[in-house]
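The lines below spell out each chain.
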Amino acid sequence: MNTTADSNLTKRALAAAMKELMEQMPFSKISVSDIAEQCGMNRKSFYYHFKDKYDLVNWIFDMEYLQLSSRQDYAGIWDFLTELCSFFYENRSFYRRALRIEGQNSFLEHFKEVLEPSIKYFLASSLEEAKYQQFCINFYADAFIAAFVRWLSDKDCVPPQEFVRMLKVSIYAAVKRVEVAELWPQNENDKKSPDPAECPRNRGLFYCREARMLSSGAAEKEMLSSTVPSGRIRRQRSSNTTG
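Residues numbered from 1 in each chain as written. Predicted model: local features only at pLDDT ≥ 70, side-chain atom pairs only at ≥ 80, totals over all residues. Heavy atoms only, no water.

## A few points about the packing of aromatic side chains
For clarity, the cut-off: Aromatic pairing here means that ring centres of Phe, Tyr or Trp (its six-membered ring) are within 6.5 Å. Orientation follows from the plane angle: under 30 degrees is stacked, over 60 is edge-to-face, and everything else is tilted. Secondary structure elements follow DSSP: runs of H or I no shorter than four residues count as helices, runs of E no shorter than two count as strands, and numbering proceeds from the N terminus. Three labels apply to residues, based on accessible area from a 1.4 Å probe with only protein chains included: buried if under 20% of the type maximum, exposed if over 50%, partly exposed otherwise in between. Two thresholds decide whether a charge sits over a ring: the Lys NZ or Arg CZ must be within 6 Å of the ring centre and within 35 degrees of the ring normal.
The tally for this structure, following the rule as stated, stands at 27 aromatic pairs. Ring centres of Trp151 and Phe163 lie 4.5 Å apart, and the angle between their planes is 5°; this geometry places the pair in the stacked category. With Trp151 in helix 8 (residues 133-153) and Phe163 in helix 9 (residues 160-176), this residue pair connects regions lying twelve residues apart in the sequence. In terms of burial, Trp151 and Phe163 fall into one category: buried. Across the ring face of Phe94, the terminal group of Lys19 is positioned such that the distance to the ring centre comes to 5.3 Å. Stacked on the ring of Tyr89, the Lys or Arg Arg92 has its end atom at 4.1 Å from the ring centre.

This is how it looks when you write it as structure tokens:
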């Protein structure tokens, strides 16, 4: 008897019940008894597999997205984000509701925990000062999630490819407006902006090449489509996906 297979069948049945109930009523009104009854089980069966209803919602994401995507490679962060956003867009009816769940174990918190390792991976080659790493990870994760939730919550949200394009344009615009003088201090008596091509390396955040790209207008094509050092990224499979 394959107990793992049976366990996954039970989890999937509970997941399907949760999805059905979330279409009918707010998450806050759904009880464990409701979920168990919806699929012909009892509370004991539910608690054998999940800690609570929050755990079940998070498992649905781990099972549907992480288990599938962990078998794929990505050339860079934009490929990763495009696939991630495409998945949510295709399943937006459920995940719009999931993202509105509040509480310490909410899906939003779980999603951020899943996203952080990927952001850390891509920032690793750009940040030399370790003391700023966690701040930057939190900053980019918070910024992306805020934009992501706003996008997906819109009943007429644009297709995922267009949303990712908007992210690229927004980041490029922000970088482009950074004053060169703020990155490379100049002599107080020198009113001319320093030549980006002659700049020193500045704390691992920007390099001479990027500065020249900004001044030439080539940043969007090269900088925003750059790949990670290894040229590949693999997401770690969540320990919750196999039951």
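## Describing helix 9
For an α-helix, 3.6 residues make a turn, and residues three or four places apart therefore share a direction. Which entries qualify depends on this criterion: An expected span of 1.5 Å times one less than the residue number is assigned to each helix.
Compared with an ideal rise of 1.5 Å per residue, which puts 17 residues at 24 Å, helix 9 spans 24 Å between its outermost C-alpha atoms and is within 8% of the ideal. Of the positions making up helix 9, those classed as buried are Pro160, Phe163, Val164, Leu167, Tyr172 and Val175.

## Notes on a nonpolar patch on the surface
What counts, and what does not: Like charges are joined within 9 Å and nonpolar side chains (Val, Leu, Ile, Met, Phe, Trp, Tyr) within 5 Å, but only among residues with over 30% relative accessible area and no salt bridge; these make up the patches. Per-residue accessibility takes into account occlusion by the displayed protein chains alone, with areas from the Shrake-Rupley method and a 1.4 Å probe. Salt bridge, as used here: a side-chain nitrogen of Lys or Arg that lies within 4 Å of a carboxyl oxygen of Asp or Glu.
Judged by side-chain polarity, Phe135, Phe139 and Tyr140 come together as a nonpolar surface patch covering roughly 350 Å² of accessible area. Secondary-structure assignment places Tyr140 in helix 8. Relative accessible area serves as the criterion here: at 41%, Tyr140 is assigned to the partly exposed category.

## Section: the nonpolar core
The condition that has to hold: Buried Ala, Val, Leu, Ile, Met, Phe, Trp, Tyr and Cys residues that are joined via side-chain atoms within 4.5 Å together make up what is termed a nonpolar core. Residue contacts are counted whenever heavy atoms from the two residues lie within 4.5 Å of one another.
Within the largest apolar cluster, 51 residues are counted, with the highest numbers of intra-cluster contacts made by Phe88, Tyr95, Phe144 and Phe148. When residues of this core are traced back to their parent elements, those giving at least two are helix 1 (3-24), helix 2 (32-38), helix 4 (53-69), helix 5 (77-90), helix 6 (92-98), helix 7 (107-123), helix 8 and helix 9. If we ignore the near neighbours within four places in the chain, the residues touching Phe144 are Leu81, Leu84, Cys85, Phe111, Leu115, Phe163 and Leu167.

## Things to note about the pattern of salt bridges
Two side chains bearing opposite charge may form a pair once their charged atoms approach each other closely. The tally for this structure, following the rule as stated, stands at three salt bridges. Here Glu23 ties to Arg97 by a salt bridge, and the two come within 3.5 Å at their closest N and O atoms. Of the two residues, Glu23 is situated in helix 1 and Arg97 in helix 6; the sequence distance between them amounts to 74 residues. A relative accessible area of 44% places Glu23 in the partly exposed class. Looking at Arg97, the relative accessible area reads 25%, which means it is partly exposed. For Lys112, the salt bridge identified is with Asp142, shortest N-O distance 2.7 Å. Taken together, the residues Lys112 in helix 7 and Asp142 in helix 8 connect sequence positions 30 residues apart. For Asp142, a relative accessible area of 38% puts it in the partly exposed group.

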